[in-house]
Amino acid sequence: HSFQNCYSLSYIVMNSFNTQIEANAFENCRSLNIILPEHLDTIKSNAFHQIKSLEKIVMPSTVKSIDKSAFRGCSSLKEIIIPSMICKIGKSAFNGCSSLRKVIIPSTVKEIGKAAFKGCSSLKEIAIPFITVIQKATFFGCSSLEQITIPSSVISIKRQAFYKCSSLKQIKIPSSVLSMFGFVFFECLALENISFHPQMEIICENSFENCLSSNVI
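Here is what the cut-offs are and how they apply
- Residues numbered from 1 in each chain as written.
- Predicted model: local features only at pLDDT ≥ 70, side-chain atom pairs only at ≥ 80, totals over all residues.
- Heavy atoms only, no water.
- Phe/Tyr/Trp six-rings, centres within 6.5 Å; stacked < 30°, edge-to-face > 60°.
- Helix = DSSP H or I, 4+ residues; strand = E, 2+ residues; numbered from the N terminus.
- Buried < 20%, exposed > 50% of the residue type's maximum accessible area, 1.4 Å probe, protein only.
- Lys NZ or Arg CZ within 6 Å of the ring centre and 35° of its normal.
- Salt bridge = Lys/Arg side-chain N within 4 Å of Asp/Glu carboxyl O.
- Pairing = 2+ DSSP bridges.

> Sorry if this is basic, but what is going on with the packing of aromatic side chains here?
Two aromatic rings, taken as a pair, are described by how far apart their centres are and by the angle between their planes. Scanning the model with the defined rule gives 11 aromatic pairs in all. A ring pair is formed by Phe 162 and Phe 185, whose centres lie 5.2 Å apart and whose planes are at 0 degrees; its orientation type is stacked. Residue Phe 162 is located in the loop between strand E13 (156–157) and strand E14 (170–172), and its partner Phe 185 is located in the loop between strand E15 (179–180) and strand E16 (193–195); the two are separated by 23 residues in the primary sequence. Residue classification places Phe 162 among the buried residues on the basis of a relative accessible area of 0%. Members of the aromatic cluster, connected to one another through ring pairs, are Phe 3, Phe 26, Phe 48, Phe 71, Phe 94, Phe 117, Phe 139, Phe 162 and Phe 185. For Lys 118, the ring lying beneath its charged end belongs to Phe 140, and the centroid distance is 4.6 Å.

> When you look at the pattern of salt bridges in this model, what are you seeing that I'm missing?
Side chains carrying opposite charge are able to pair once their charged atoms draw close together. Tallied over the entire structure, the rule returns 3 salt bridges. Across the pair Lys 44 and Glu 22 runs a salt bridge, and its minimum N-O distance is 3.6 Å. Of this pair, Lys 44 sits in the loop between strand E4 (42–43) and strand E5 (65–66) while Glu 22 sits in the loop between strand E2 (20–21) and strand E3 (33–35), and the two are 22 residues apart along the sequence. Taking the relative accessible area as the measure of exposure, Lys 44 reaches 26% and is therefore partly exposed. The partner of Lys 88 in a salt bridge is Glu 111, with the nearest N and O atoms 4.0 Å apart. Here Lys 88, found in strand E7 (residues 88–89), pairs with Glu 111, found in strand E9 (residues 111–112); they are 23 residues apart in sequence, far enough to count as distant. Assessed through its relative accessible area of 40%, Lys 88 is described here as partly exposed.

> What am I meant to see in the sheet that holds E9 here?
What links the strands of a sheet is backbone hydrogen bonding, and the strands pair in either a parallel or an antiparallel sense. The sheet built from 5 strands is open, its strands ordered E2-E4-E5-E7-E9 with parallel pairing. The open sheet has two edge strands with one neighbour each: E2 and E9. Inspection of the sheet shows E7 paired to E9 by 2 bridges, in the parallel sense. Note that in E9 the partner of Lys 88 across the bridge is Glu 111.

Dropping the structure here:
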C-alpha cells in the first residue's frame, strides 16, 4: 500500500534493483506516470489499479507475472506489449482499460484469467496464445473487437467469454473445442459467420443468443 491514494503524485522512477511491485502499491494514484525498473519480476494484484492518467507502460523483459487486477481501470492506457517471459495473465488484469487499442501477447502465456480484458472497448484485434481454456468474461464488452483467432489448443470456452463483442464479424471455432458454455457470443450483433465442429460435446443453446445476422456452419 506504499503510495495508495496519492492522487497528486505525477511521476516516479523506481530503484533499478526493485524486483516486484507490491499489491496496491500505486492504486488510485490518478495522476501518475511511471518508469518500471529494469529487473522487475512481478507486478502484484491491484498494483496500478485505477491510474486514470497512465497512457503507456513499458514492461521490462524480466517480468514473469501480472497478477489479478494489476492494471484494472487504467482507462487511458492505449497499448501494452507483454514480455515473453510471462506465462500467466491474472484475473481482471486489464479489466476496464477502455482506451486499450493494441495488446501483444507472447506465445509463452499459457493462462489468461477471468475477465482479463473485460470492458476493453477500444480493442480491435488480439491474437490468443496457445491456452487451453478461454475463461469466463475474458473479452466481455470488447465492443470494437472485429477479429479474433481461437487457437487449436483451446478445449473449452467459458460463459460470456465474448459477450457483447458487437463488432465481431466472424468466428471459427476449432475442432479441439469440446465445450462452449452459456452466452459465449451473446449480442455479437455484427457476427455473420460462425463455424464449429458438429461433434462438440457441450454447447449451450443460448451461446449465440441475439446474434441477429448469424449464419452457423
